[in-house]
Amino acid sequence: MDTPEQTPDRTVLVLGGGGSRGAAQLGVLRALAKRGIRPDAVVGTSVGALNAAAVAAVGLDRAVPLLETIWNSEQTRAVFRAQRLQMLTNRVRRRPYLRSGQCIRDLIRFAENVVDITSFDNLQIPLHIIVTDLSEGQPVVLSEGSLEDALCASCAIPGVFPPVRHGTHLYVDGGVTENCGLSTAYELKPTRIIAIDLTADSPVPVFSKWEEVLERIMQVALHSRVVADFDRFSSRLPVTLICPRAPIHMRAPRFADFVNLRDQAFAAADRLFQRIASADGRLDPGVFYLPAPPPRRSPTHSAPSTATRPSPSPC
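Quick look at the structure, then. Everything numeric here is computed off the predicted structure, so don't read it as measured data.

**Overview of the packing of aromatic side chains**
Inspection of the entire model under this criterion finds two aromatic pairs. Each ring, one from Trp71 and one from Phe258, has its centre 5.3 Å from the other, and the planes form 70 degrees; the classification is edge-to-face. Of this pair, Trp71 sits in helix H3 (residues 60-71) while Phe258 sits in helix H10 (residues 255-276), placing them 187 residues apart in sequence. Under the relative-accessibility criterion, Phe258 is labelled buried at 3%. A cation sits over an aromatic face here: Arg30 above Phe266, 4.8 Å from the ring centre. When the ring centre of Tyr186 is taken as reference, the NZ or CZ atom of Arg236 above it lies at 5.1 Å.

Right, dumping it as structure tokens:
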């Protein structure tokens, strides 16, 4: 009697979008690398696509220090810095976006130089970038063509940045239609999925501005979709969904905030993996929330802050 051929293990890593919260994703990636996790394919959306591209280029172990260089860069800070004059000019001219998107392209070019990649063909691990077709209103998965354009498109928040033309299509942020690509990962026929979602917020006791209410509604909607996808696919294969919680109303992120998010997420994920990792290194399936870092404190007796508020967090 012939023995049935055993399906080889195939792990797909999914990195969701979430703007400056992508620094927390880096902390979890560091903890995964410490556990020796080696994904066979990577799916990324928005800022998660940028992190995913580095992992796909050189593998998880080598990607972590390179991503730390990228997150520590002036190019990253420029993406989250307010450009009030540019935003006002574009509103006066009635353009369908507030910012030019050049800061994102500059960051992606810098990242490509750090990691030493220029196209999908240079990657060690298959990479699948989720974007949204603006005309059709459907998610599209890009895994060939211009890597730079694909990454720019996946980070192009509608209304904030202009859409990116990729071939004959106009693409915008993949988070509009699939912020954490569990369904895309499932189509790759893995034996297990590890996903890092960035849409879990801390409980909010009070809202003082309408923008905070809108932001909260968007985060709740995005996270509800992710949890529904987890319920859908976790009955078919093991899915480990890791959700670092963000600080309440995280605005005007500074370099110190990126470091804090990264380090707190690493410490929390490392403690979690000590509990849910089996002897063979596999992670238990389930949804796991990591606690938010403590809120940023203003120095005592300091003068009122004159920092300008940034544009909505991209990616």
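**Describing helix H6 (residues 102-115)**
The end-to-end C-alpha distance of H6 is 20 Å, a good match for the 20 Å that 14 residues give at a rise of 1.5 Å each. At its buried positions, H6 is contacted by helix H2 (47-58), H3, helix H4 (74-80), helix H7 (147-154) and strand S5 (164-166). Residue Asp116 follows H6 closely and has a positive phi angle near 65 degrees.

**Things to note about the nonpolar core**
One finds Val28, Leu29, Leu32, Leu127, Ile129 and Phe273 to be the most contacted residues of the largest nonpolar core, which totals 72 residues. Of all the elements, H2 adds the most residues to this core, at 10 residues. Beyond its immediate stretch of four places on either side in the chain, Leu127 contacts Val42, Ala52, Ala53, Ala56, Phe120, Leu142, Ser143 and Leu147. Of all hydrophobic cores here, the second largest spans 19 residues; its members include Val14, Ala200, Phe230 and Cys243.

**Description of the packing of H6 against H7**
How two helices sit against one another is set out by the angle between their axes and by the gap between those axes. Two elements in contact, H6 and H7, have axes separated by 10 Å at closest approach and are oriented at 135 degrees. It follows from the interaxial angle that H6 and H7 lie oblique. You can see that H6 and H7 cross each other, and the crossing is right-handed. Two secondary-structure elements touch here, H6 through Ile104, Arg105, Ile108, Arg109 and Glu112 and H7 through Leu147, Glu148, Asp149, Leu151 and Cys152. Here the residues of the contact of H6 with H7 are counted per class, giving five nonpolar, no polar and five charged.

**Considering the pairing of strand S4 (residues 138-142)**
Here is the key point about a regular strand: its side chains alternate between the two faces of the sheet. In this sheet, S4 lies alongside strand S3 (residues 127-133) in antiparallel orientation, the contact comprising five bridges. Each bridged residue has a counterpart across the sheet, and for Ile130 the counterpart in S4 is Val141. Here S3 folds back onto S4, and the loop between the two strands holds four residues, one of which, Gly137, carries a positive phi near 70 degrees.

**Digging into the pattern of salt bridges**
On inspection of all chains with the given rule, the structure shows 15 salt bridges. Of the charged contacts, one joins Arg225 and Asp229 as a salt bridge, the two residues approaching to 2.9 Å between their closest N and O atoms. Taken together, the residues Arg225 and Asp229, both in helix H9 (residues 210-233) and four residues apart, mark about one turn of the helix. The salt bridge involving Asp280 is made with Arg282; its shortest N-O contact spans 3.4 Å. Among the residues examined, Asp280 registers a relative accessible area of 53% and is labelled exposed. Judged by its relative accessible area of 35%, Arg282 is partly exposed. One connected set of salt bridges, linked through shared partners, spans Asp9, Arg192, Asp280 and Arg282.

**Description of the state of the cysteines**
This model, assessed by the stated rule, comprises zero disulfides. The thiol sulfur of Cys180 is not disulfide-bonded, and the nearest other cysteine sulfur, from Cys243, lies at 7.6 Å. Under the relative-accessibility criterion, Cys180 is labelled buried at 2%.

Scoring rules and cut-offs
Residues numbered from 1 in each chain as written. Predicted model: local features only at pLDDT ≥ 70, side-chain atom pairs only at ≥ 80, totals over all residues. Heavy atoms only, no water. Phe/Tyr/Trp six-rings, centres within 6.5 Å; stacked < 30°, edge-to-face > 60°. Helix = DSSP H or I, 4+ residues; strand = E, 2+ residues; numbered from the N terminus. Buried < 20%, exposed > 50% of the residue type's maximum accessible area, 1.4 Å probe, protein only. Lys NZ or Arg CZ within 6 Å of the ring centre and 35° of its normal. Expected span 1.5 Å × (residues − 1). Contact = heavy atoms within 4.5 Å. Core = buried A, V, L, I, M, F, W, Y, C linked by side-chain atoms within 4.5 Å. Axes fitted to C-alpha atoms, helices over the stretch in contact; angles between N-to-C directions. Parallel < 35°, antiparallel > 145°, perpendicular 65-115°, else oblique. Left-handed = near helix turned anticlockwise from the far one by under 90°. Nonpolar A, V, L, I, M, F, W, Y, C, P; charged D, E, K, R; others polar. Pairing = 2+ DSSP bridges. Salt bridge = Lys/Arg side-chain N within 4 Å of Asp/Glu carboxyl O. Disulfide = S-S within 2.5 Å.

Take it as geometry only, folks, not as evidence of what the structure does.
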